[in-house]
Amino acid sequence: MQALVLEATRQLNLREIDLPQQVGARDVKIRIHTVGICGSDLHYYTHGSIGPFKVEAPMVLGHEASGTVVEVGPEVSHLKVGDRVCMEPGIPRLDSPATLRGLYNLDPAVRFWATPPIHGCLTDSVVHPAAFTYRLPDNVSFAEGAIVEPLSIGLQAATKARMKPGDTAVVIGAGTIGAMTALAALAGGAARVILADVVADKLSHFAGNRAVTTVDVSRHSLLDVVRELTDDWGADVVFEASGHAGVYQTLLDLVCPGGCAVLVGMPPAPVALDVVTMQTKEVRLESVFRYANIFPRALALISSGMIDVKPFISRKFPFSEAILAFEEAASGRPQDIKIQIEMDKDHG
């Protein structure tokens, strides 16, 4: 079958590849419709590795996907052929200590699409466990279904923050994950989100949202803005979604006494954290690694209209132009939040 294959750093091919297609008793086969390009996909494309995960053999990219069920295993009862679905890309061991504790995202042996050596989903069809496949509500498009994955990271962050109605939240970083975290914070009860980035074009996506105050930190001090808007008290919740090490120098200064800091972005190297400030303010520190038990909530929020992800889908490319799509995504146009690839008609 045709797939977008990362052969080596900066080397992509659209070519035939043999991928497992046998449907087990509790599996479904899905014809892929839409796939989003994620930052991790781009990092493998441009650098060939992320931390300990190295691309040492050709690998199919893509893990943010939606499609249509075309075959159902005999023990699957909640899905049927023709259902429009999106898929959680991580498959844990069902008997692992993490899974049995409800923390299946923390299973060290999780098999995650497009994380070496596991192939991703930028291909005609995939076979996936039905337990991690979710039917799209009738009013949720394939494009929206394919952005559920990054939205789920934001919702995981808001859940870990234990947000309360009326909270003031700060989100540092307005890329895909930061934008989804801002939407999740609002859905979680924030009365105001202060969204910060160094690129004004990224902030412009929230220009019409009265609940969001944007801060171009290349021109203004985020700390000064937070102090002004909270009467020098600080934010109830601060989400770090940029992954930039320099943010940690003032991160805890943004949090109010008794507040919470949630680490979402991943710095490229260890960072220093002011533990004494954290202690004297009794700041609660939380961290996020992917998500667990969140996809149904994300779909419900999109379907209800509580969260609108459509403005953040920047551009779409046909599968035949998938290499160009990656080149465009890697160019880092500031106005792009999420670029998606749609399979050509003859591929689904």
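In this report, the structure presented in the accompanying data block is examined. What you see is a predicted model; the values in this text were computed from it and never measured.

**Thoughts on the packing of helix α1 (residues 39–47) against helix α10 (residues 322–331)**
Thinking step 1. Where α1 meets α10, the axes come as close as 10 Å, and the angle between the chain directions of the two elements is 95 degrees. One element, α1, and the other, α10, form an angle in the roughly perpendicular class. Residue-level contacts link Asp41, Leu42, Tyr45 and Thr46 of α1 to Phe326, Glu327, Ala329 and Ala330 of α10.
Thinking step 2. Across the contact of α1 with α10, the residue classes tally to five nonpolar, one polar and two charged.

**Regarding the packing of aromatic side chains**
Thinking step 1. Under the definition given, this model contains five aromatic pairs.
Thinking step 2. Residues Tyr45 and Phe326 carry aromatic rings whose centres are separated by 5.9 Å and whose planes lie at 80 degrees to one another, so their mutual orientation is edge-to-face. Placement of Tyr45 in helix α1 and of Phe326 in helix α10 is noted, with a sequence separation of 281 residues between them.
Thinking step 3. Members of the aromatic cluster, each reached through a chain of ring pairs, are Tyr134, Tyr291 and Phe295.

**Here's the deal with the side chain of Thr277**
Thinking step 1. Here Thr277 lies in helix α8 (residues 275–280).
Thinking step 2. The residues contacting Thr277, other than those within four sequence positions of it, are Leu252 and Asp253.

**Some remarks on empty space enclosed by the protein**
Thinking step 1. Across all of its chains, the model carries one cavity of 30 Å³ or more by this definition.
Thinking step 2. Reported here for the largest cavity is a volume of approximately 60 Å³.
Thinking step 3. Every residue along the wall of the largest cavity is listed here: Glu88, Gly90, Tyr104, Asn105, Val110, Phe112, Arg290 and Tyr291.
Thinking step 4. Across the lining of the largest cavity, the residue classes tally to four nonpolar, two polar and two charged.

**Here we look at helix α5 (residues 176–187)**
Thinking step 1. The first and last C-alpha atoms of α5 sit 17 Å apart over 12 residues, in line with the 16 Å expected at 1.5 Å per residue.
Thinking step 2. For α5, the buried fraction is high: nine of the 12 residues fall into the buried class.
Thinking step 3. All buried positions along α5 are accounted for by Thr176, Gly178, Ala179, Met180, Thr181, Ala182, Leu183, Ala184 and Ala185.
Thinking step 4. Elements in contact with the buried residues of α5: α4 (148–161), β13 (168–172), β14 (192–197), β16 (235–240) and β20 (338–342).
Thinking step 5. In the segment just after α5, Gly189 is the residue with positive phi, at about 120 degrees.

**Concerning a nonpolar patch on the surface**
Thinking step 1. On the surface, Leu103, Leu106, Met266 and Phe289 cluster together into a nonpolar patch covering about 380 Å² of accessible area.
Thinking step 2. Relative to the elements of secondary structure, Phe289 occurs in the loop between β18 (284–287) and α9 (295–304).

**Describing the sheet that holds β13**
Thinking step 1. The six strands lie next to each other as β15-β14-β13-β16-β17-β18, forming an open sheet whose pairing is parallel. What marks the edges here is a single partner per strand, and that holds for β15 (212–216) and β18. The average undirected angle you get between the axes of adjacent strands in this sheet is 20 degrees.
Thinking step 2. Where strand β17 (residues 255–263) meets β18, four bridges bridge the pair, whose relative direction is parallel. In the strand pairing of β18, Leu263 is matched with Ser287.

**Observations concerning the state of the cysteines**
Thinking step 1. In this structure the tally under the stated criterion is zero disulfides.
Thinking step 2. Considering cysteine sulfurs only, Cys38 is the nearest to Cys121, which forms no disulfide, with 11 Å between them.
Thinking step 3. The class of Cys121 is buried, set by a relative accessible area of 0%.

**With respect to the pattern of salt bridges**
Thinking step 1. Under the defined criterion, the tally for this structure stands at 18 salt bridges.
Thinking step 2. Note that Arg162 is salt-bridged to Glu286, the shortest N-O span being 3.5 Å. With Arg162 in the loop between α4 and β13 and Glu286 in strand β18, this residue pair connects regions lying 124 residues apart in the sequence.
Thinking step 3. A salt bridge links Lys316 to Glu342, with the nearest nitrogen and oxygen atoms 3.7 Å apart. Highlighted residues: Lys316 in strand β19 (residues 313–318) and Glu342 in strand β20, separated in sequence by 26 residues.
Thinking step 4. The class for Lys316 is partly exposed, based on a relative accessible area of 45%.
Thinking step 5. Glu342 sits in the partly exposed class, given a relative accessible area of 27%.
Thinking step 6. Here the residues in one salt-bridge network are Lys160, Arg162, Arg284 and Glu286, joined through shared partners.

**Quick look at the pairing of β17**
Thinking step 1. Burial within β17 is extensive, with seven of its nine residues counted as buried.
Thinking step 2. Bridge count between β16 and β17: five bridges; the pairing is parallel. If you follow Glu240 over to β17, its bridge partner there is Leu263.
Thinking step 3. Remark: the β17/α8/β18 crossover connection has right-handed handedness.

**Some words on the environment of Arg15**
Thinking step 1. Examined against the element boundaries, Arg15 turns out to sit in strand β2 (residues 11–16).
Thinking step 2. Judged by relative accessible area, which is 26%, Arg15 ranks as partly exposed.
Thinking step 3. Taking C-alpha positions, Arg15 is 6.7 Å from Leu4, a pair spaced 11 residues apart along the chain.
Thinking step 4. Ignoring any residue separated from it by four or fewer positions in sequence, one finds Arg15 in contact with Met1, Gln2, Ala3, Val5, Glu7 and Pro58.
Thinking step 5. Within polar-contact distance, the side chain of Arg15 engages the side chain of Glu7 at 2.6 Å.

Calculation rules
- Residues numbered from 1 in each chain as written.
- Predicted model: local features only at pLDDT ≥ 70, side-chain atom pairs only at ≥ 80, totals over all residues.
- Heavy atoms only, no water.
- Axes fitted to C-alpha atoms, helices over the stretch in contact; angles between N-to-C directions.
- Helix = DSSP H or I, 4+ residues; strand = E, 2+ residues; numbered from the N terminus.
- Parallel < 35°, antiparallel > 145°, perpendicular 65-115°, else oblique.
- Contact = heavy atoms within 4.5 Å.
- Nonpolar A, V, L, I, M, F, W, Y, C, P; charged D, E, K, R; others polar.
- Phe/Tyr/Trp six-rings, centres within 6.5 Å; stacked < 30°, edge-to-face > 60°.
- 1 Å grid on protein atoms, 1.4 Å probe; cavity = no way out; pocket = protein on both sides within 12 Å on 5 of 7 lines; lining within 4 Å.
- Points joined across faces, edges and corners; volume = space filled by probe spheres on them.
- Expected span 1.5 Å × (residues − 1).
- Buried < 20%, exposed > 50% of the residue type's maximum accessible area, 1.4 Å probe, protein only.
- Patch = residues over 30% accessible without salt bridge, like charges linked within 9 Å, V, L, I, M, F, W, Y side chains within 5 Å.
- Areas by Shrake-Rupley, 256 points an atom, 1.4 Å probe, with all protein chains shown as cover.
- Salt bridge = Lys/Arg side-chain N within 4 Å of Asp/Glu carboxyl O.
- Pairing = 2+ DSSP bridges.
- Disulfide = S-S within 2.5 Å.
- Right-handed = clockwise from strand over helix to strand, strands pointing away.
- Polar contact = N/O pair within 3.5 Å; in protein donor to acceptor, adjacent residues only side chain to side chain.

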